[in-house]
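Report on the structure
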Amino acid sequence: MSSAALPTRPVPRANVLAIEAYVPGKAHAGEGVKVHKLSSNESPLGPSPKALEAFQSADALEIYPDGSSTGLREAIGAAYGLDPARIVCGTGSDELINLIAHAYAGPGDEVLYSQYGFLIYRIAALTAGATPVVAPEKDYRSDVDALLAAVTSRTRVVFLANPNNPTGTYLPFDEVKRLQRGLPPNVLLALDAAYAEYVRRNDYESGIELVATCSNVVMLRTFSKVHGLAALRVGWLYGPAEVVDAVNRIRGAFNVSAPGIAAATAAIRDVGHLEASVAHNETWLPWLTSELTALGLTVTPSVANFLLVHFPDLPGKRAREADAFLMQRGLILRRVDAYGIPGALRLSVGTEEANRLLVATLAEFLGKTGTGHGA
Ligand SMILES: Cc1ncc(COP(=O)(O)O)c(C=O)c1O
């Protein structure tokens, strides 16, 4: 066989080389300062003590885990009144996003999401060989009309993070229904509800109801945020039997570890801890919003456990400079340049100590006095 036209070394697919690898939130700050990691929307209360205990007592590490995560799916089913047969657990919801893209889209197909939609959607689309398509947003909020206008005969999957990361904004149930009704029946609507537990709005619905009534909707959830188990990498989806079947065919045979299954099962049963985490957020999200607004910063209204904060385009006051200033004090926030929002930083709601320190440090950075009141 002639090798003249062949490359001299293995070459990844062009789609793979078009991916900018996902850059996780930083975890380290300056030497000798106490670190407050507010860069990845983790829970400041940590996991349920019962989840920690279940994790620590998971032994027999030489034995493969239950490849079907049966006990965990039953516990999730009991918590939400869902049929466990229509749940799939994954190595974080990241894995499930990728599996959905792979199962439903390939070369020549399009995967649609909105302008500031979670970055993993683009990576998942490209990894599957599909073409990512972006619909513009209005005021950092997904726009149903723009999404529907971007649908073509090639669209196979629409990813909608609701609430969205990094904006924190959400679409009310009526709008999500309007999106679903406007999609051709062969297009899968993947509702990524990673932050659903935090939302306190009467007009919000995570996706459970829509999955129950539509054959082209799947909902994704995670144990990484309100349940405080990000290190263990556990997520789940609830969808139509056909989606469950497709994802089960291509997922790793043992995609959730035994300690992950044990901890997540205990976590979902500990309603008290979940409520405490949500209550903490309900206190500090509005407090941070009003304190940062009082400092003259523009805060995108959020229903999740993080805020997108816009800085002035003035020398010495820009987001990049604020980030460096905060970092020296041990406050690690998230730059969102990769989303095309270089003028903003995203910050997770932290412990009381972290939240107060953040406001005081930003007041100092901006040369203002924070009120320091309340909460
Ligand atoms: C909107 C959204 N979806 C999914 C994920 C992935 O979460 P995990 O893979 O930890 O379950 C994140 C993580 O930040 C997210 O913000």
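Note that the structure is predicted; figures quoted are calculated from it, not measured.

The number of helices and strands found in the protein is 13 helices and 13 strands. Its C-alpha atoms give the protein principal-axis dimensions of about 65 × 50 × 50 Å. Classification of the 375 residues of the protein by burial places 53% in the buried group. Long-range pairs, those at least 24 residues apart, make up 74% of the contacts in the protein with a sequence separation of at least 6. Surface accessibility of the protein: about 16400 Å² in total, with carbon and sulfur atoms responsible for 55%.

To continue, consider the site of the ligand. Taken together, 13 residues lie around the ligand, and Ser-93, Asn-165, Asp-192, Thr-222 and Ser-224 are the ones closest in. Take Asp-94: an N or O atom from its main chain is 3.0 Å from an oxygen atom of the ligand. For the ligand, the protein covers 94% of the area, taking 400 Å² as the surface of the free molecule. Looking at the shell around the ligand, the element that brings in the most residues is helix H4 (residues 92-104), giving three residues.

For the rest of this paragraph, the subject is the sheet that holds strand S13 (residues 344-348). Across the sheet, four strands lie side by side as S9-S10-S13-S12; this open sheet has antiparallel pairing. Each edge of the open sheet is held by one strand with a lone partner, namely strand S9 (298-300) and strand S12 (334-335). In the sheet, S9 pairs with strand S10 (residues 306-310) via three bridges, with the strands oriented antiparallel. Residue pairing in the sheet places Val-299 in a bridge with Val-309 of S10. Docked against the sheet, helix H12 (residues 319-328) engages S12 and S13, running at close to 40° with respect to S13.

Our focus in this paragraph is the UniProt feature "modified residue: N6-(pyridoxal phosphate)lysine" (unreviewed entry) in the protein. The feature "modified residue: N6-(pyridoxal phosphate)lysine" (unreviewed entry), as given by UniProt, occupies Lys-225 in the numbering adopted here. In this fold, Lys-225 is placed in the loop between strand S7 (217-222) and strand S8 (235-238). The residues touching Lys-225, leaving out its near neighbours within four places in the chain, are Ser-40, Asn-41, Ser-43, Ala-194, Tyr-195 and Tyr-198. In terms of polar contacts, Lys-225 uses its side chain to reach the side chain of Tyr-195, at 3.4 Å.

Turning next to the sheet that holds strand S2 (residues 87-90). An order of S2-S8-S7-S6-S5-S3-S4 is seen for the seven strands of this open sheet, with the pairing classed as mixed. Looking at which strands have only one partner, the edges of the open sheet turn out to be S2 and strand S4 (131-135). Neighbour-to-neighbour, the strand axes of the sheet open up by a mean angle of 20°, direction not taken into account. Packing of helix H9 (residues 241-250) onto the sheet brings it into contact with S2, strand S6 (188-192), S7 and S8, and relative to S2 it is tilted by some 30°.

Under the criterion given, the structure shown has 16 salt bridges. Among the salt bridges present, the one from Asp-313 reaches Arg-318, with a minimum N-O distance of 2.6 Å. A salt bridge links Arg-329 to Glu-364; the nearest nitrogen and oxygen atoms lie 2.7 Å apart. In this pair, Arg-329 sits in the loop between H12 and strand S11 (331-332) while Glu-364 sits in helix H13 (residues 352-366), placing the two residues 35 residues apart along the sequence. The class for Arg-329 is partly exposed, based on a relative accessible area of 31%. Here Glu-364 falls in the partly exposed class, since its relative accessible area comes to 45%.

A separate point is the pairing of strand S5 (residues 155-161). One face of the sheet, then the other: side chains in a regular strand alternate in exactly this way. Judged by how many residues are buried, S5 sits mostly within the fold: six of seven residues are covered. With five bridges connecting them, S5 and S6 associate as parallel partners. Along S6, the bridge assignment pairs Val-157 with Leu-188. Running through helix H7 (residues 173-182), the crossover from S5 to the neighbouring parallel element S6 is right-handed.

Moving on, we come to the UniProt feature "domain: Aminotransferase class I/classII large" (unreviewed entry) in the protein. Under the feature "domain: Aminotransferase class I/classII large" (unreviewed entry), the UniProt entry names residues 34-360. Helix makes up 39% of residues 34-360 and strand makes up 17%, while its end C-alpha atoms are separated by 15 Å.

Take unusual backbone geometry next. With omega at 0°, the peptide bond leading from Asn-162 into Pro-163 counts as cis. Structurally, the position occupied by Pro-163 is in the loop between S5 and H7. Look at the link from Asn-165 to Pro-166: it is a cis peptide, with omega at 20°. Inspection of the secondary structure assignment puts Pro-166 in the loop between S5 and H7. Even without being glycine, Ala-60 reaches a positive phi, approximately 50°. Its location among the elements puts Ala-60 in the loop between helix H2 (49-56) and helix H3 (70-80). A positive phi angle, close to 50°, is found at Asp-139, a residue other than glycine. Along the chain, Asp-139 falls in the loop between S4 and helix H6 (144-149). We classify Asp-139 as exposed; its relative accessible area is 71%.

Tracing the chain through its elements places Phe-365 in helix H13. Take Phe-365: its relative accessible area is 9%, and that puts it in the buried class. For the pair Phe-365 and Glu-321, spaced 44 residues apart in the sequence, the C-alpha separation amounts to 9.0 Å.

Reading guide: rules and limits
- Residues numbered from 1 in each chain as written.
- Predicted model: local features only at pLDDT ≥ 70, side-chain atom pairs only at ≥ 80, totals over all residues.
- Heavy atoms only, no water.
- Helix = DSSP H or I, 4+ residues; strand = E, 2+ residues; numbered from the N terminus.
- Buried < 20%, exposed > 50% of the residue type's maximum accessible area, 1.4 Å probe, protein only.
- Contact = heavy atoms within 4.5 Å.
- Areas by Shrake-Rupley, 256 points an atom, 1.4 Å probe, with all protein chains shown as cover.
- Near = heavy atom within 4 Å.
- Polar contact = N/O pair within 3.5 Å; in protein donor to acceptor, adjacent residues only side chain to side chain.
- Pairing = 2+ DSSP bridges.
- Axes fitted to C-alpha atoms, helices over the stretch in contact; angles between N-to-C directions.
- UniProt positions renumbered as here; feature names shortened; annotations may be inferred.
- Salt bridge = Lys/Arg side-chain N within 4 Å of Asp/Glu carboxyl O.
- Right-handed = clockwise from strand over helix to strand, strands pointing away.

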